[in-house]
Amino acid sequence: MKANFITDGCGVMVATGSQTTLLIEGKSIDSAEKLKPEDINKALMGMPEHEKHCAELAIRTLRHIIQKYKK
């Protein structure tokens with residue numbers, strides 16, 4: 001799988017999107033679909049509590065795109 005992203009969000013959202021692409025590139029769609037916000041947080045070595053919603057947004061967006069792809 002190849003991945004990229006576009007965001008106009010804050011720095012944490014940029015880091016989250018970037019880390020998400022790193023975690024899914026070269027993996028199968030099934031593997032990418034199993035990615036969790038906690039995986040992104042761990043890969044970023046922890047995000048401030050008030051910024052963890054960025055990982056949730058990245059995962060929601062990823063799953064939305066995967067569902068569109070599967071149709």
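To be clear, the structure that these remarks concern was listed above.
Residues numbered from 1 in each chain as written. Predicted model: local features only at pLDDT ≥ 70, side-chain atom pairs only at ≥ 80, totals over all residues. Heavy atoms only, no water.

**A few points about the environment of Val12**
Right, so step 1: As for its position among the elements, Val12 is in helix H1 (residues 11-24).
Right, so step 2: The class of Val12 is partly exposed, set by a relative accessible area of 23%.
Right, so step 3: Setting aside its immediate chain neighbours within four residues, Val12 contacts Met47, Glu51 and Cys54. (Helix = DSSP H or I, 4+ residues; strand = E, 2+ residues; numbered from the N terminus. Buried < 20%, exposed > 50% of the residue type's maximum accessible area, 1.4 Å probe, protein only. Contact = heavy atoms within 4.5 Å.)

**Some thoughts on helix H4 (residues 53-70)**
Right, so step 1: Counted at 1.5 Å a residue, the expected span for H4 with its 18 residues is 26 Å, and the 26 Å between its end C-alpha atoms agrees.
Right, so step 2: The inward-facing, buried residues of H4 abut H1, helix H2 (29-33) and helix H3 (37-43). (Expected span 1.5 Å × (residues − 1).)

**Looking at the layout of surface pockets**
Right, so step 1: There is about 460 Å³ of room inside the largest pocket.
Right, so step 2: Every residue lining the largest pocket is counted, 20 residues in all, and those nearest its centre are Asn4, Phe5, Thr61, Leu62 and Ile65.
Right, so step 3: The set of elements that each furnish at least two residues to the lining of the largest pocket consists of H1 and H4.
Right, so step 4: The class makeup of the residues in the lining of the largest pocket is 13 nonpolar, 6 polar and 1 charged. (1 Å grid on protein atoms, 1.4 Å probe; cavity = no way out; pocket = protein on both sides within 12 Å on 5 of 7 lines; lining within 4 Å. Points joined across faces, edges and corners; volume = space filled by probe spheres on them. Nonpolar A, V, L, I, M, F, W, Y, C, P; charged D, E, K, R; others polar.)

**Focus: the environment of Glu56**
Right, so step 1: With respect to the helices and strands, Glu56 occurs in helix H4.
Right, so step 2: Classification of Glu56 as partly exposed rests on a relative accessible area of 38%.
Right, so step 3: The spacing of Glu56 and Phe5 is 51 residues in sequence and 15 Å in space, taken between C-alpha atoms.

**Describing the pattern of salt bridges**
Pairs may arise between side chains of opposite charge once their charged atoms sit close together.
Right, so step 1: Counted according to the given criterion, the structure contains 3 salt bridges.
Right, so step 2: For Lys70, the salt bridge goes to Asp30, with nearest N and O atoms at 4.0 Å. With Lys70 in helix H4 and Asp30 in helix H2, this pair connects stretches of sequence that are 40 residues apart.
Right, so step 3: Among the salt bridges present, the one from Lys70 reaches Glu33, with a minimum N-O distance of 2.8 Å. A residue pair is termed long-range when its members are at least 10 positions apart, and Lys70 in helix H4 and Glu33 in helix H2 qualify at 37 residues.
Right, so step 4: Exposure remark for Glu33: the relative accessible area of 23% places this residue in the partly exposed category.
Right, so step 5: Among the charged side chains, a network of salt bridges with common partners joins Asp30, Glu33 and Lys70. (Salt bridge = Lys/Arg side-chain N within 4 Å of Asp/Glu carboxyl O.)

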